[in-house]
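Chain by chain, the residues:
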Amino acid sequence: MDLSYILNELGEDRAGYFQAVAPPILQTCNFASQTVGEMRHKLQHETEAHFYTRGKNPTVAMLEKKMAALEGTEQALGFGSGMAAVAAAVLSQVKAGDHVVCVKRPYTGTNKLMRQFLPRFGVEVTLVDGTDARNFLQATRANTALFYLESPNSFLFELQDIRAITAFARERNICTVLDNSFATPLFQNPAAMGVDLVVHSATKYIGGHSDVLGGIVCGSRERIYKIFSAEYTTLGAVLSPHDAWLLLRGLRTLPLRMERVAQTTRRVVAYLQQRHEVAEIIWPFLPEHPQYYLARKQMRNNTGQFTIRLQADTLEQVEKFCDSLQHFLMAASWGGHESLIFPMAAAYTPGGFKPSLPFTLIRFYIGLEDADYLIRDLDQAFAKMNA
Ligand SMILES: *Cc1c(COP(=O)(O)O)cnc(C)c1O
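**Q** What exactly am I supposed to notice about the overall build of the chain here?
**A** The number of helices and strands found in the chain is 14 helices and 12 strands. What you see for the chain is a C-alpha radius of gyration of 22 Å, in line with the 21 Å of a compact globule of 387 residues. Counting only residues that meet the buried cut, the chain has 54% of its 387 residues in that class. Within the chain, contacts between residues separated by at least 24 positions form 72% of all contacts whose residues are at least 6 apart in sequence. Counting every atom, the chain has about 17,400 Å² of accessible surface; 53% of that belongs to carbon and sulfur. Averaged over its 38 positive side-chain charges, the chain has a centre that lies 2 Å from the centre of its 38 negative ones.

**Q** How should the site of the ligand be read in this particular structure?
**A** Around the ligand, the surrounding shell consists of Ser-81, Gly-82, Met-83, Tyr-107, Asp-179, Ser-181, Ser-201, Thr-203, Lys-204, Gly-214 and Trp-334. Between the ligand and Gly-82 there is a distance of 2.8 Å, counted from an oxygen atom to a backbone nitrogen or oxygen. Between the ligand and Asp-179, the relevant distance is 2.6 Å, taken from a nitrogen atom to a side-chain nitrogen or oxygen of the residue. Protein contact buries 91% of the 380 Å² of open area that the ligand shows by itself. Here the residues of the shell around the ligand sort into three nonpolar, six polar and two charged.

**Q** Teacher, can you tell me more about the nonpolar core here?
**A** Across soluble globular proteins, nonpolar side chains have a tendency to be buried as a group. Leu-272, Phe-306, Phe-321 and Leu-378 are the most contacted members of the largest nonpolar core, which has 111 residues in total. Mapped onto the domain boundaries, this core takes at least three residues apiece from domain 1 (3-252) and domain 2 (254-386). Not counting the four nearest positions on each side in its chain, Phe-306 is found in contact with Phe-157, Thr-265, Val-268, Val-269, Leu-272, Ile-281, Ile-282, Trp-283, Ile-362, Arg-363, Phe-364 and Ile-366. If you look at the next biggest cluster of nonpolar residues, it comprises seven residues, including Phe-155, Leu-156, Ile-282 and Met-344.

**Q** Quick question: what am I supposed to make of the sheet that holds strand S5 (residues 175-179) here?
**A** Pairing between sheet strands relies on hydrogen bonds along the backbone, with the strands arranged either parallel or antiparallel. In space, the seven strands of this open sheet follow the order S1-S7-S6-S5-S4-S2-S3, with mixed pairing throughout. At either margin of the open sheet sits one strand with a lone partner, and together these are strand S1 (75-79) and strand S3 (124-128). The mean inter-strand angle of the sheet, taken between neighbouring strand axes irrespective of direction, is 20°. Bridge analysis of strand S2 (residues 99-103) against strand S4 (residues 144-150) gives four bridges, and the strand direction is parallel. In the sheet register, Cys-102 faces S4, and the bridge partner there is Tyr-148. Across the sheet, helix H4 (residues 82-91) lies against S1, S4, S5, strand S6 (197-201) and strand S7 (215-219), angled at about 160° from S6, the strand it touches most. Seen against the sheet, helix H7 (residues 162-172) touches S4 and S5 and runs at an angle of roughly 170° to S4.

**Q** How do you make sense of the domain arrangement of the chain when you look at a structure like this?
**A** Size of an interface: often given as the accessible area lost when the parts come together. Domain assignment breaks the chain into domain 1 (3-252) and domain 2 (254-386). Taken together, the contacts link 36 residues of domain 1 with 35 residues of domain 2. Taking both sides of the interface into account, the surface hidden between domain 1 and domain 2 amounts to around 3,100 Å²; carbon and sulfur atoms contribute 63%. For the pair domain 1 and domain 2, the number of links is zero salt bridges. Joining domain 1 to domain 2, the criterion identifies 18 residue pairs in polar contact (both at pLDDT 80 or more). Within the residue set of the side of domain 1 that touches domain 2, elements represented by two or more residues are helix H1 (3-8), H7, helix H8 (184-187) and helix H10 (241-252).

**Q** So what exactly am I meant to see when it comes to the environment of Arg-300 here?
**A** Relative to the helices and strands, Arg-300 is located in the loop between helix H12 (292-298) and strand S9 (305-310). Looking at Arg-300, the relative accessible area reads 52%, which means it is exposed. Expressed as a C-alpha distance, the spacing of Arg-300 and Gln-188, which sit 112 residues apart in the sequence, is 6.3 Å. Contact partners of Arg-300, with chain neighbours within four places excluded, come to Pro-185, Leu-186, Phe-187, Gln-188 and Asn-189. Polar side-chain contacts of Arg-300 include one of 3.2 Å to the backbone oxygen of Pro-185.

About the criteria used
- Residues numbered from 1 in each chain as written.
- Predicted model: local features only at pLDDT ≥ 70, side-chain atom pairs only at ≥ 80, totals over all residues.
- Heavy atoms only, no water.
- Helix = DSSP H or I, 4+ residues; strand = E, 2+ residues; numbered from the N terminus.
- Rg over C-alpha atoms; globule rule 2.2 N^0.38 Å.
- Buried < 20%, exposed > 50% of the residue type's maximum accessible area, 1.4 Å probe, protein only.
- Contact = heavy atoms within 4.5 Å.
- Areas by Shrake-Rupley, 256 points an atom, 1.4 Å probe, with all protein chains shown as cover.
- Lys, Arg positive; Asp, Glu negative; His and termini not counted.
- Charge placed at Lys NZ, Arg CZ, Asp CG, Glu CD.
- Near = heavy atom within 4 Å.
- Polar contact = N/O pair within 3.5 Å; in protein donor to acceptor, adjacent residues only side chain to side chain.
- Nonpolar A, V, L, I, M, F, W, Y, C, P; charged D, E, K, R; others polar.
- Core = buried A, V, L, I, M, F, W, Y, C linked by side-chain atoms within 4.5 Å.
- Domains from an automatic or database assignment.
- Pairing = 2+ DSSP bridges.
- Axes fitted to C-alpha atoms, helices over the stretch in contact; angles between N-to-C directions.
- Buried area = accessible area lost by both parts, 1.4 Å probe.
- Salt bridge = Lys/Arg side-chain N within 4 Å of Asp/Glu carboxyl O.

Below, the structure is given as structure tokens:
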């Protein structure tokens, strides 16, 4: 299926709504039936019927069709946030007494799900260094039901060899879930590499404008039906029609934005490589990165996130650099129009909590601004740091 067809036409039915170019926001909780017979039919076919928006809603369904097509899966489900999607995908695959192997240092919320929530319900979790696929194999037990991957993972962008891990999982009948928020469906398609459920925080690149939260789970008809009839409708963390509409709008320009972000990021990284204040750039798209070849194999292009290790001895030096930036915003998230930094230093409290990662690490996200504009901002911040 052509990418242009998916983004501009698939799932849309303009004849059904006055040939409006933009899809309607069907902001309604419920859908009426004209006869008992019709209502009975809807109750029996809730996955297709329009009955109640904590199930199916036409605006949300348009987004789901497009996301399934982009990931090359049979179906998809839209959630109210990325975490709702992650939690539903994971919960759908485990029961008390099961065991999960999860990549080390996943997204913060996922980490909490693995370390705090699942153990409360009798599910054991082992976190492994995912850069060596054998660690997944070695951690596997007779009761292992799920492998959870995030490739690349948060902050350090460590990759997992997706094909090697899913091949082993298939043999053992272990379900695989992969968080593909980092790469988007344009630059990585985990289902084609054997992953069963692909999850997204649509809040990031899919929305693309830092104005909407959303999550997506993509998978086979059978697995999506299982999630729909249990976690989706029972936990109820569904996507609102208006938010689905914003995500549909985001999708229209996704290829354009991703191409721009990819190019600008390469230029900003090249600039940072020249700076003596930067001790290390953690980015799998640099040839000296130990997983460069795997990144090239699994992903079609680079995106806008990378982490630098600042050459600094004190927290104050790091703060001086970060506080001096005028155009990079200091904030969580990424994937919007605006460039961001997330300094690990913010997680350090004087004399208190010490995170496992050094305070010299700063995660960057490069947005849609001009590369020169961003480089000038970095330049002046380095100057202030050195002053
Ligand atoms: C942001 C993010 C999430 C959570 O998504 P929300 O939409 O904020 O709930 C999950 N995984 C990754 C990799 C993320 O970056």
